[in-house]
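Working through the structure, step by step
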Amino acid sequence: MAVKTEAAPYLDVFRPNAGEPAWLRDARAKARDAFVARGFPSRRDEAWRFTNLRPLADKPFEPGHGKLELKPGSLPKGAWFASMARTLIEKPEIARRAIGESDLAGGQPFASLNAAMFADGFVLALDEGVTLDPPVEIVHSAGDGSINLRNLIVLAPSSRATIVERYCGEGAYWTNTVTTVSVGAGASLTHVKVQDEGPEAIHFGMVRAALEPAATYRNFGLTLGANLSRQDVQVAHGIGSIVDLAGAYLQRGDQDTTNAVVVDHAAPGATTRELFKGVLDKRSHGAFLGTIRVREGAQKTDAKQTSRALLLSDRASVDTKPELEILADDVKCAHGAAVGDLDKDTLFYLRARGIGIDEARRMLIEAFVLEAFETVEQPELRGHLAARVRVWLEAA
Amino acid sequence: MLEIKNLHASVDGGREILKGVSLTVRAGEVHAIMGPNGSGKSTLAGILAGRDGYDITRGSVIYDGRDLLAMSPEDRARAGIFLAFQYPVEIPGVNNMYFLRVALNAGRKARGEPELDAGQFLKTVRNKLKLLEIDDDLLQRGVNVGFSGGEKKRNEIFQMAMLEPRLAILDETDSGLDIDALRVVANGINRLRAPNRAIVMITHYQRLLDHVAPDFVHVLSEGRIVRSGDKSLAAELEKTGYAGVGV
């Protein structure tokens, strides 16, 4: 078997766990093989051309440690919310759904690596008609090395939930998460993630969501931390399902972040709204890649993608790559992208009322960013995200 | 209070717009600056408030003994200068009430006065709202977002009422107002006339002056004040047009 150089260190530390069920051992071995044969994505790979993997290739991580904290609030009957480790033992039939064909095929190398290596993660599963309120929360704080988390969210038909993930830590480490999401017919999931990793960290997050008819999936991401980060969200629509993808990334120093979203309309009558807001200061770099695929037969698709970025410094930069592939003829698709600085006239208006220039800039940046979270239904959650943004702004 | 002496200004690196404006404004006075389009009225307003994009090539502006042109826009505002914008800016995502409270407290802090808490602030707002016949719900929106032209102008005067400036410069505040809105806005301005406050109204037309009687009227033409007089000058302009006064 040919092993790519940058993948070799991870092969060396791979240890099959004899205590695991056969299906998992088998899947891990296949995923490992897929990863080592493929290696890291290269910049020739269209989806990775804006992500600099050099730091990761140069300095491989040993398997590391983190602390996973689950805050269930009060769980109703018919709700399962537990660690992946526990789910593998107590509910293996659910846990199994966390690994899919794409993990074994090698098209997504870091997802394959994750499948081979993960030790834990979280699982949220709701039975039909169950409503989870208030939101459940997951906090992961990383310590060192490479940490692979495998997460799973399964909502049976007509259930509802809001889940908030937060990632933080200290030191040089690499968090690599893969989250499989399944939203049943008429079910509704609000999925919030705050990436607030330490300044030396690397963070990769991959979400793969499959929607059944009339399901609603709202994904909100706030990217603040890590030196290098990437968030992938891939959604497959059901008939008449609704997707709301919004993200804000705030970066400074030499931070680098990519948001790559792929929404696949294979079924008719589905709606997609994407809104991504970037704030880039100092020498930071951001990228947004947005693919909307409308397959033949996905008539009455209604999709809109918006990406906007503020460059606060001459040395900051952003790459935006919208991609609409439309094979149906009766659809509404629109996309728009804009990059700029704060509006001079607006800034002057605030200053002419006595508001100092720094405060005025903060107010305008905050307003710009928070537009991404306007469709978060719970006011306290919106307030929480706003508070995180304010902390970032005031740390300048 | 305000002393403009031989002010020359051009648009950054471009042509000269003000060619020697001199004007003295004392506390308690209401001045009207009239003039045809392109005469430099809005440039003068912008320079007084500290808008950038102008080169001051000659002259001086002294406000309360200080060199106004050396002050930042926010310092001017905190020192009591208020510009009612000809085109108020819409600021989505910045709540009107929040904006006003930050502005008000920035001024109070600079003057060494205690900041208003939410309750005190709300009380002040309620009092001033009546003056301008503004709906409560407009204040819960983003600054000027979804406001009609008239509502934006009313909001400017409402902000003036809240911030209680010493020198208010009203740039074409009457433009785009229907007759009812004009009456409300004029009423608000009249209520804000005070012995310690000066008001400079910049306008193309006479009609605002029918409602707010100025003490002095100046005609600005091609960057200079070519005539000054009392309010009868405005009436004369209305009759003869700017050509009739030699412009």
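Residues numbered from 1 in each chain as written. Chains lettered and ligands numbered in written order. Predicted model: local features only at pLDDT ≥ 70, side-chain atom pairs only at ≥ 80, totals over all residues. Heavy atoms only, no water.

Considering the overall build of chain A
- When its secondary structure is counted, chain A shows 10 helices and 17 strands.
- On C-alpha atoms alone, chain A measures out to a radius of gyration of 21 Å, which is about the 21 Å that the 2.2 N^0.38 rule sets for 396 residues.
- Judged by the C-alpha coordinates and their principal axes, chain A covers about 70 × 45 × 45 Å.
- For chain A, the residues scored as buried account for 56% of the 396 residues in total. (Helix = DSSP H or I, 4+ residues; strand = E, 2+ residues; numbered from the N terminus. Rg over C-alpha atoms; globule rule 2.2 N^0.38 Å. Buried < 20%, exposed > 50% of the residue type's maximum accessible area, 1.4 Å probe, protein only.)

Remarks on the pattern of salt bridges
Residues and elements named next belong to chain A.
- Under the defined criterion, the tally for this structure stands at 41 salt bridges over all chains.
- Between Glu323 and Lys321 there is a salt bridge; the shortest N-O distance is 2.6 Å.
- Overlapping salt bridges bring together Glu46, Arg49, Lys321 and Glu323 as one network. (Salt bridge = Lys/Arg side-chain N within 4 Å of Asp/Glu carboxyl O.)

So, the interface of chain B and chain A
- Taken together, the 30 residues of chain B in the interface contact 17 residues of chain A.
- At the boundary of chain B with chain A, total buried surface from both sides reaches about 1900 Å², with 66% on carbon and sulfur atoms.
- When the buried surface of chain B facing chain A is broken down by residue, Glu74, Phe85 and Val89 of chain B rank first, second and third, together holding 25% of it.
- Counting across the interface, chain B meets chain A through 3 salt bridges.
- Here Asp345 of chain A and Arg51 of chain B are joined by a salt bridge, their closest N and O atoms 3.3 Å apart.
- Linking chain B with chain A are 10 residue pairs in polar contact (both at pLDDT 80 or more), by the criterion used here. (Contact = heavy atoms within 4.5 Å. Buried area = accessible area lost by both parts, 1.4 Å probe. Polar contact = N/O pair within 3.5 Å; in protein donor to acceptor, adjacent residues only side chain to side chain.)

Some details on the sheet that holds strand S4 (residues 54-63) of chain B
Residue and element names in this part refer to chain B.
- Across the sheet, 4 strands lie side by side as S2-S1-S4-S5; this open sheet has antiparallel pairing. Since the sheet does not close on itself, it has two edges, and those belong to strand S2 (16-25) and strand S5 (66-67), each with one partner.
- By the bridge criterion, 7 bridges tie strand S1 (residues 2-11) to S2 in an arrangement that is antiparallel. Counterpart to His8 in the pairing with S2 is Lys19. (Pairing = 2+ DSSP bridges.)

With respect to the packing of helix H3 (residues 96-110) of chain B against helix H5 (residues 149-163) of chain B
All names here are of chain B.
- The geometry of H3 relative to H5 is characterised by a closest axis approach of 10 Å and an angle of 35 degrees between their N-to-C directions. Handedness of the crossing formed by H3 with H5: right-handed. Here H3 contributes Asn96, Phe99, Leu100, Ala103 and Leu104 to the contact with H5, which in turn contributes Asn155, Phe158, Gln159, Met162 and Leu163.
- A breakdown of the residues in the contact of H3 with H5 according to their chemical character gives 7 nonpolar, 3 polar and no charged. (Axes fitted to C-alpha atoms, helices over the stretch in contact; angles between N-to-C directions. Left-handed = near helix turned anticlockwise from the far one by under 90°. Nonpolar A, V, L, I, M, F, W, Y, C, P; charged D, E, K, R; others polar.)

Quick word on helix H1 (residues 41-49) of chain B
Residue and element names in this part refer to chain B.
- Of all 9 residues in H1, 8 are buried, a share of seventy percent or more.
- Every buried residue belonging to H1 is among Lys41, Thr43, Leu44, Ala45, Gly46, Ile47, Leu48 and Ala49, and all of these are buried.
- Gly50 lies just past H1 and shows a positive phi near 100 degrees.

Points about the pairing of strand S2 (residues 79-83) of chain A
All names here are of chain A.
- Along S2, 5 of the 5 residues are buried, which leaves the element largely enclosed by surrounding structure.
- Pairing analysis gives 5 bridges linking S2 to strand S3 (residues 122-126), with the strands arranged antiparallel. Bridge assignment links Ala82 to a residue of S3, and that residue is Val123.

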